[in-house]
Amino acid sequence: MSREHAAPTDAYAGYANWKGWDGAFAARERDARYFATEFAGIEIAGKRVLEIGFGNGRFLAWARAQGADVSGLEINQDMLDAANHHGYAVRNASLADLVGERASYDLIVAFDVLEHWDTDELIANFRHVADLLEAGGVFLARFPNGHSPFGRIYQHGDFTHKSVISAFKIDYLAGLSGLDVVRVANARRVSSRPGVMRALRHRWMALRRAWIERSLSRLYGTERLPLDPNLVVVLRKPIATAGAP
């Protein structure tokens, strides 16, 4: 068979090994501090939580430790097997499947997943997320920053990425799906290790990055744009008011 007519390559072949996923399903100390910071103000305990593309299971492990009723979706069979071994309710299914089953959740999470969807999938899946959320429910997603040169580090580091996403695209997708934008910002950062001096240095670096963002916005006459490699969006499903159609 000629190279021009060769069978398509499976971009996900060996993906778990390449990502270093060992199926441990445990949140490391730094992971726990990051999740606690990223989810500050979002209730976890006692909530029904779905993670889309749970990978190595660090968030599922952390959320379960916080008292959440967790479940997950994943296409990698090795990680599905590992999740089952650790007692998690997981499956290889689509969001459309869950909508058809009338499933519902208080919180839906997608870390480093949106960039794996093309435009049609983004539009359809945002609508599915809206259908799956309870009124007042939250969708939190992290993805490479499409309007930052530093986002290219992650955006172009994976052959399976299909879309470049910015805060402006998120605003459009949220409007299409009927979700309110709570926050689109740099992913929360935590120091590499705990400690007062490390925390002070971490804060100083954050202030310097914020100064650069403000300076560039003034220089180019634009609104201030977050420039970290990853963005995090928090969307909320509105609570219907009395008398609303």
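Note that the structure is predicted; figures quoted are calculated from it, not measured.

About the criteria used
Residues numbered from 1 in each chain as written. Predicted model: local features only at pLDDT ≥ 70, side-chain atom pairs only at ≥ 80, totals over all residues. Heavy atoms only, no water. Phe/Tyr/Trp six-rings, centres within 6.5 Å; stacked < 30°, edge-to-face > 60°. Helix = DSSP H or I, 4+ residues; strand = E, 2+ residues; numbered from the N terminus. Buried < 20%, exposed > 50% of the residue type's maximum accessible area, 1.4 Å probe, protein only. Lys NZ or Arg CZ within 6 Å of the ring centre and 35° of its normal. Contact = heavy atoms within 4.5 Å. Salt bridge = Lys/Arg side-chain N within 4 Å of Asp/Glu carboxyl O.

Re the packing of aromatic side chains
Line of reasoning, step 1. Taken as a whole and judged by the stated rule, the model has 16 aromatic pairs.
Line of reasoning, step 2. Centroid distance F126 to F139: 5.6 Å. Interplanar angle 85 degrees. Geometry classified as edge-to-face. Residue F126 is located in helix α6 (residues 119-132), and its partner F139 is located in strand β5 (residues 133-144); the two are separated by 13 residues in the primary sequence. No difference in accessibility class separates F126 from F139, as the two residues are buried.
Line of reasoning, step 3. Ring-pair connections join several aromatic residues into one group, and the members of that group are Y34, F35, F39, F59, W62 and F111.
Line of reasoning, step 4. A cation over an aromatic ring shows up here: R64 above the ring of Y88, its NZ or CZ 3.7 Å from the ring centre.

What about the environment of F54?
Line of reasoning, step 1. Following the sequence through the fold, F54 ends up in the loop between β1 (48-52) and α3 (58-65).
Line of reasoning, step 2. Separated by 29 residues in the primary sequence, F54 and F25 have C-alpha atoms spaced 9.6 Å apart.
Line of reasoning, step 3. Every residue in contact with F54, bar those within four places of it in the chain, is listed here: F25, L60, G72, L73, E74, M79, L80, A83 and V90.

Thoughts on the pattern of salt bridges
Line of reasoning, step 1. Counted under the stated rule, the structure contains twelve salt bridges.
Line of reasoning, step 2. A salt bridge links D106 to R48; the shortest N-O distance between them is 3.6 Å. Here R48 lies in strand β1 and D106 lies in strand β4 (residues 105-111), a separation of 58 residues in the sequence.
Line of reasoning, step 3. R142 is paired through a salt bridge with D112; the nearest N and O atoms lie 2.6 Å apart. Taken together, the residues R142 in strand β5 and D112 in the loop between β4 and α6 connect sequence positions 30 residues apart.
Line of reasoning, step 4. With a relative accessible area of 17%, R142 lands in the buried category.
Line of reasoning, step 5. Overall, the relative accessible area of 29% leaves D112 in the partly exposed class.
Line of reasoning, step 6. A cluster of three or more residues bridged by salt bridges with shared partners is formed by R28, D31 and R58.

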